[in-house]
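Observations on the three-dimensional arrangement
Spelled out, the chains give:
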Amino acid sequence: MTVGDEPGTERNAEAARVEGFLEEFLGHDNDAGNPRYEGSVRPFLDSLRRGDDTPVILPRFSLGSDTFSIYVIAKSPSHATQVRELIGAFVGPTYSTRGDSVPANLDPTDPIDAAVIDFGGAGTTFVLHTSSNSQHRVSLRKALSLMQQTIARRNVRSWNNIRPLGRLIAEFNASLAAGGVGSSKSILEQIAAQGGITATNLAHLRIKRLDRLGLSHHLLTFDGLNNVLRQDPPFPIKEAVLNALHATLVTEPLGRGDTQDACDRLRDFGLPLPVGADIRLYNDEAVTVLFTAAVGRRDAQSLTIMLSTLREEARIAAIPDVLLQEASALSATVSPPTLPEISELEAELQPTHNGIDAEFPTDPAPASEPESWIELFQGTAQGTRVAAAACRDENWRSWPSPSESDIALAQVLTELDDQSWHRAWDLVGSVIDAVGYGLSAPLTVREFITYALTFEKLLPGDLITVHALLEIFLRSSPSPSSYREVLEELRESCSQWVSPENAVTALDFADRLVLAACPDDSARLNLALAILRPLNRYQGRLEPETLSFARQLSDELDVRLEWPRVEDPGEDSPFDSLSGTSILLYSLDEAVLARTSAELTRMIPGLRVSISHDKVGNTTLREKSRNADVVTLATRCAKHAATGFITENAANSEITYADGSGSASLLRAAVAGLLGIGKLR
């Protein structure tokens, strides 16, 4: 037996690691290590030293600056998801002012933060703050102590509920399509922590999310991006990169007519771009980048093919005039090429997708590539490889909207058995994206809602998806009986998911009842009661803006519940300092924009609110973005052409994202943004 194999050696090493960490955490300027506070801190230290299965909880206090916070360290990034829910249940806004909803961005130059990073790793730690009221600090400490004691007493179980990788990826895509910014991040963390996915495919998911959020600079500085492009990624990844290049490098020089500067910037950036690709599926921004790259390379052959394609599709106006003139001039210098047949182009452009096979379903039988939504539904339900590839590559973008085949699609779903339905659910994100705003596919989304409720898909990310489906369904002005049936199904499920932790999403559902036409007052009232009554019971655990909006919805839906206003005479209004502050709200849902704007204006007198639902950048949106102190975005069905434009022009603003597409979600994100610049609480 070697020394390293001796019993207890590993425990000793861990004990030494813990003591080293505590020495760093309680040293420096952390007065929580002062012996006068030993009684308060000792339970947390004992728990850490026991090495039980509870999150690490440690206070940080500075007598000199009178600042107080408590660090809650999860076992791993995937464990952080459960810890966030526990914090919401035991602490919430009752005792915490901030830091309870997302892991903190710790400062590696701060010695205590650095010690935590070294001990727990990145993305694992919540730093909870409360007000300067000493009693509030005691309450926060006691609430977290109770949380730790409760966890220690429960039966031992795994923190990680292992789910199939394919299911997690489908949930990620659905959450992203439904505007679940926070939930998509949480699912992505679970995917990364669970493993079983190649680094390349994990990079694809991260790039898709950055593209949806319009974070062009983050996307273009993504580690290994060059290698990702060289491996011929799926079409959506290529387009995401082209979108980011358009927002950061091409828009500005082309706007002032300097094509050469745009070409130089692209060349200097040095990414391998798919010049010569079939441009039919790419959006206008991506096509503009490919034209710019081809002009910079003096690639007349590719320009001729791309010009021909755009003219065939009547999209020639998508290219800025100055770029079009130069492309046309270059194209005229060569003899017209013999254009390959479209089928040949498609064959050349089929990606190889090295390393992704392990995440594909087993193909039970050879099948042809789907060419319509019906074929995609059928192939996905059967678990064919070609259907999974078509879904991943978003081939559906060139197809007519699902609204045009709603009856047939619903019929396909109606005939599925349970196993087939589990696979078909993978398409819910694509359907939400493809239907977008303005159209509807009520029968199809109705089937998806029924499946979600029947199989109790009621996790936070699932609820945001169901809310998006409900919005599409109600947009179709359903008959009284259809309206009553879907609301009744939702009402019966409320006891499983309406809670203070899900209050914002729950209020999004209630808000949708206000926004949509109502053919059955009784059904609407019953669902409103099922949502608002539990929240009313625990209203003390709701954040102020959430409580205020719940009160308003209660009045609008004629739900007779008491929502007493309790003012704390010892605290100033958190909104007093915000008069004159400006905020830009962005969403494609105009009704949600109007309601959120009205609520913010009512809550914060003097706040200057502007709104936008533009799908592309323009002069007005540029001015609104540049002049806003805070920008709040709802990303459901949003396109990079708008979100990327906003984030590029709002570089000096506080930017926040709604975790959902309803008014309550947008309101919460807006207040969080104002909190970020004004330290509201």
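Thresholds, definitions, all that
Residues numbered from 1 in each chain as written. Predicted model: local features only at pLDDT ≥ 70, side-chain atom pairs only at ≥ 80, totals over all residues. Heavy atoms only, no water. Helix = DSSP H or I, 4+ residues; strand = E, 2+ residues; numbered from the N terminus. Buried < 20%, exposed > 50% of the residue type's maximum accessible area, 1.4 Å probe, protein only. Contact = heavy atoms within 4.5 Å. Areas by Shrake-Rupley, 256 points an atom, 1.4 Å probe, with all protein chains shown as cover. Pairing = 2+ DSSP bridges. Axes fitted to C-alpha atoms, helices over the stretch in contact; angles between N-to-C directions. Parallel < 35°, antiparallel > 145°, perpendicular 65-115°, else oblique. Left-handed = near helix turned anticlockwise from the far one by under 90°. Nonpolar A, V, L, I, M, F, W, Y, C, P; charged D, E, K, R; others polar. Salt bridge = Lys/Arg side-chain N within 4 Å of Asp/Glu carboxyl O. Arc of directions from axis to C-beta. Core = buried A, V, L, I, M, F, W, Y, C linked by side-chain atoms within 4.5 Å. Phe/Tyr/Trp six-rings, centres within 6.5 Å; stacked < 30°, edge-to-face > 60°.

**Observations regarding the overall build of the protein chain**
- Looking only at helices and strands, one finds 32 helices and 7 strands in the protein chain.
- Burial status across the protein chain gives 53% buried among its 681 residues.
- Considering only residue pairs separated by 6 or more positions, the protein chain has 74% of its internal contacts joining residues 24 or more positions apart.
- When the accessible surface of the protein chain is summed, it comes to about 29,800 Å², and 50% of that surface belongs to carbon and sulfur atoms.

**Brief notes about unusual backbone geometry**
- The phi dihedral of E456 is positive, around 50°, even though this residue is not glycine.
- Along the chain, the position of E456 falls in the loop between α23 (442–454) and α24 (460–475).
- Located in the positive-phi region is S477, a residue other than glycine, with phi close to 50°.
- Structurally, S477 can be placed in the loop between α24 and α25 (480–497).
- Exposure remark for S477: the relative accessible area of 53% places this residue in the exposed category.

**Here we look at the sheet that holds strand β2 (residues 67–73)**
- Overall, antiparallel pairing links the 3 strands, which are arranged β1-β2-β3 in an open sheet. Taken across any chain shown, the strands that pair with only one partner, and hence form the sheet edges, are β1 (56–62) and β3 (125–129). Ignoring strand direction, the axes of neighbouring strands in this sheet form an average angle of 20°.
- Both β1 and β2 contribute to a ladder of 7 bridges, which runs antiparallel. Bridging from a neighbouring strand, F61 pairs with F68 of β2.

**Digging into the packing of helix α22 (residues 428–435) against α24**
- For the pair α22 and α24, interaxial distance at closest approach is 11 Å and the crossing angle is 40°. Taken together, the axes of α22 and α24 lie oblique to each other. In this structure, α22 crosses over α24, and the sense of that crossing is left-handed. Contacts between α22 and α24 involve V428, I432 and V435 from the first element and T465, A468, L469, I472 and R475 from the second.
- Looking at the contact of α22 with α24 residue by residue, the class counts come to 6 nonpolar, 1 polar and 1 charged.

**Focus: the sheet that holds strand β4 (residues 582–586)**
- Taken together, the 4 strands give an open sheet; going across it, the order is β5-β4-β6-β7, and neighbouring strands pair in parallel fashion. With partners counted over all chains shown, the strands left at the sheet margins are β5 (608–612) and β7 (654–657), one partner each. For this sheet, the mean angle separating the axes of adjacent strands, direction not counted, is 20°.
- For β4 and β5, the ladder comprises 5 bridges, and the chain directions are parallel. Within β5, the position partnered with Y586 by the bridge is S612.

**Re the pattern of salt bridges**
- Applying the stated rule across the entire model yields 39 salt bridges.
- The partner of R392 in a salt bridge is D393, and the shortest N-O contact between them spans 3.0 Å.
- The exposure class of D393 is buried, given its relative accessible area of 9%.

**Digging into helix α16 (residues 321–331)**
- Regarding α16, the residues found buried are L323, L324, A327, L330 and S331. In an axial view of α16, the angular spread of the buried residues amounts to 130°, which keeps them on one side of the axis. Opposite the buried face of α16, by more than 90 degrees, sit the exposed residues D321 and Q325.
- Packed against the buried residues of α16 are α12 (235–255), α13 (259–269), α14 (284–296) and α15 (300–312).

**Here's the deal with the pairing of β1**
- Most of β1 sits inside the fold, with 7 of its 7 residues counted as buried.
- Where β1 hands over to β2, the hairpin turn is made up of 4 residues, of which D66 adopts a positive phi near 55°.

**A closer look at the side chain of T546**
- Take T546: it is sitting in helix α28 (residues 544–556).
- A relative accessible area of 7% places T546 in the buried class.
- In this structure, T546 is in contact with A503, V504 and L507, ignoring residues within four places of it in sequence.

**Some points on the nonpolar core**
- Counting 154 residues, the largest nonpolar core has L245, F291 and L600 as its most contacted members.
- It is α12 that provides the largest number of residues to this core, a total of 10 residues.
- Filtering out sequence-adjacent residues up to four positions away, L600 remains in contact with I583, L585, L607, V609, L667, A670, V671 and L674.
- With 36 residues, the next largest nonpolar core counts Y71, I73, A115 and L140 among its residues.

**Examining the packing of α23 against α24**
- Contact pair α23 / α24: the axes reach a minimum separation of 9 Å and the direction vectors enclose 150°. You can see that α23 and α24 cross each other, and the crossing is left-handed. For the pair formed by α23 and α24, the contact residues are P442, V445, R446, F448, I449 and A452 on the first element and V466, L469, L470, I472 and F473 on the second.

**Things to note about the environment of G99**
- Here G99 shows up in the loop between α4 (92–95) and α5 (111–120).
- In contact with G99, other than residues within four places in its own chain, are F126, V127 and L128.

**Description of the environment of V428**
- When you line up the elements, V428 lands in helix α22.
- Relative accessible area serves as the criterion here: at 0%, V428 is assigned to the buried category.
- Put simply, V428 and I449 are 21 residues apart on the chain and 9.9 Å apart in space, counted from C-alpha to C-alpha.

**Describing the packing of aromatic side chains**
- Applying the stated rule across the entire model yields 16 aromatic pairs.
- For the ring pair W421 and Y451, a centre distance of 4.7 Å and an interplane angle of 10° mean the geometry is stacked. Here the residue W421 occupies a position in helix α21 (residues 418–424), and Y451 occupies one in helix α23, the gap between them amounting to 30 residues. The residues W421 and Y451 share a single accessibility class, namely buried.
- Ring geometry for W425 versus Y451: centroids 5.4 Å apart, planes at 40°, classification tilted. Of this pair, W425 sits in the loop between α21 and α22 while Y451 sits in helix α23, and the two are 26 residues apart along the sequence.
- A relative accessible area of 5% places Y451 in the buried class.

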